[in-house]
Amino acid sequence: MIDSARLYLVTPVLDSHEAFAPVLTAALDAAPVDCVLLRLPPHDDGLRRKVATALTPLVQERGAALLIEADTRLAAAVGADGVHVEGAGDDLASALGSMKPARIVGCGRLPDRDAAMEAGETGVDYLMFGDEAEVAPFDERLDRVGWWAEIFQVPCVAMAASLDEVKPLAEASAEFIGLGDALWDDPRGAAAVIAEVAATLAAVAEAKAAALAGS
């Protein structure tokens with residue numbers, strides 16, 4: 001049986017946890033989620049720690065890993081599962097040195113194939129495609145995901161800018177489908193969206209398995 005792509009959620013930038021906690025809980029309870037990336041405002045250390053302290057156990061108690069954007073000290077302080085950093089430079093090297101092997105280190109904002117290959121050779125746990133500051137056209141992102149998944153062993157997270165992108169990204173063999181604004185901004189609510197996406201991923205896996213069995 002071919003495994004279904006797994007879910008990776010990216011929160012909005014959160015300056016409080018009270019209103020978001022029940023939304024996140026509903027999403028995590030709707031279908032299995034592997035990872036949540038917590039995004040926080042950059043300049044208020046006290047607020048960052050308060051939000052991270054509240055949401056880390058909420059996520060972990062539901063079987064998902066909680067990663068914090070860029071901040072290795074905060075991740076260690078609140079018992080998070082790791083960090084996500086931008087680019088294949090000094091920040092990635094520093095995160096790998098302080099976090100591995102006990103915690104997860106992921107990397108995104110990789111503008112081209114050379115940057116992706118450079119990051120993939122560092123010992124990083126996954127690469128993220130589609131999280132650039134200016135999102136590339138979908139055909140380009142889909143091509144990048146398919147290229148990476150076919151050739152390299154390091155898992156990739158394919159960010160879906162809309163729910164219509166979930167199926168083709170899964171068909172391109174992304175190990176993880178990332179959901180951010182496409183999830184949180186949907187008027188149906190996070191639980192309904194997660195359930196729909198999980199069903200789509202399961203259907204893609206079943207179709208791949210059937211095609212393989214018939215070949």
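Everything that follows concerns the structure shown earlier in this document.
## A word on the overall build of the protein
When helices and strands are tallied, the protein shows nine helices and eight strands. Among the 215 residues that make up the protein, the fraction classed as buried is 47%. Surface exposure of the protein reaches about 10,200 Å², of which carbon and sulfur atoms provide 51%. For the protein, the centre of its 16 positive side-chain charges and the centre of its 35 negative side-chain charges are spaced 4 Å apart.

## Focus: a negative patch on the surface
On the surface, Asp112, Asp114, Glu118 and Glu121 cluster together into a patch of negative charge. For Asp112, a relative accessible area of 36% translates into the label partly exposed.

## A short note on the sheet that holds strand β1 (residues 6-13)
Ordered by their spatial adjacency, eight strands build a closed barrel running β1-β2-β3-β4-β5-β6-β7-β8, and the pairing between neighbours is parallel. Geometrically, the sheet is characterised by an average inter-axis angle of 25° between neighbouring strands, direction not taken into account. Note that β1 and strand β8 (residues 176-179) share four bridges and pair parallel. Considered in β8, the bridge of Leu9 is made with Leu179. Its contacts with the sheet put helix α9 (residues 190-214) on β1 and β8, and the angle it makes with β1 is roughly 150°.

## Thoughts on the layout of surface pockets
There is about 420 Å³ of room inside the largest pocket. Val10, Arg39, Gly130, Asp131 and Met159 are the residues nearest the centre of the largest pocket, which is lined by 22 residues in total. The set of elements that each furnish at least two residues to the lining of the largest pocket consists of β1, β2 (35-39), β4 (82-86), β7 (156-160) and α8 (181-184). In the lining of the largest pocket, the residues fall into ten nonpolar, four polar and eight charged. Put simply, the second largest pocket is a space of about 200 Å³. The wall of the second largest pocket is formed by 13 residues, among which Asp3, Ser4, Ala5, Ala174 and Glu175 lie closest to the centre. Examining the composition of the lining of the second largest pocket, we find that four residues originate from one element, α9, more than from any other. Residues belonging to the lining of the second largest pocket are distributed by class as follows: seven nonpolar, two polar and four charged.

Conventions adopted
Here the residue numbers are simple positions, counted from 1 along each chain's written sequence. Local features in this predicted model are restricted to residues whose pLDDT is 70 or higher, and side-chain atom pairs enter the listing and the counts only when it is 80 or higher, whereas totals over whole chains, interfaces and linings include all residues. Excluded from the side-chain calculations are hydrogens and water; all other atoms, namely the structure's heavy atoms, are used. Helix and strand definitions here come from DSSP, where helices need a minimum of 4 consecutive H or I residues and strands a minimum of 2 consecutive E residues; each element is numbered from the N-terminal end. Burial here depends on accessible area, computed with a 1.4 Å probe over protein chains only, as a share of the maximum for the residue type. Under 20% is buried, over 50% is exposed, and the range in between is partly exposed. Note on areas: these come from Shrake-Rupley sampling with a 1.4 Å probe, and a residue is covered only by the protein chains present in the view. When charges are tallied, Lys and Arg are placed among the positive residues and Asp and Glu among the negative ones, while His and the ends of the chain are skipped. All charge positions are set by atom: Lys at NZ, Arg at CZ, Asp at CG, Glu at CD. Each patch groups residues whose relative accessible area exceeds 30% and which form no salt bridge, using 9 Å between like charges and 5 Å between nonpolar side chains of Val, Leu, Ile, Met, Phe, Trp and Tyr. Salt bridge, as used here, is a side-chain nitrogen of Lys or Arg placed within 4 Å of a carboxyl oxygen of Asp or Glu. DSSP-based pairing: two strands are paired if at least 2 bridges between them are found. Here an angle of 0 to 180 degrees is reported between the N-to-C directions of two axes, which are lines fitted to C-alpha atoms, with helices fitted over the stretch in contact. The contact criterion used throughout is that any non-hydrogen atoms of two residues lie within 4.5 Å. Of the grid points, spaced at 1 Å and generated over the protein atoms alone, those admitting a 1.4 Å probe that cannot get out make up cavities, while open sets with protein on both sides within 12 Å along at least five of seven lines make up pockets; any residue with an atom within 4 Å of a point is treated as lining. Grid points are joined across faces, edges and corners, and a volume is the space filled by probe spheres set on the points. Lys, Arg, Asp and Glu make up the charged group, whereas Ala, Val, Leu, Ile, Met, Phe, Trp, Tyr, Cys and Pro make up the nonpolar group; the residues left over, Gly among them, are polar.

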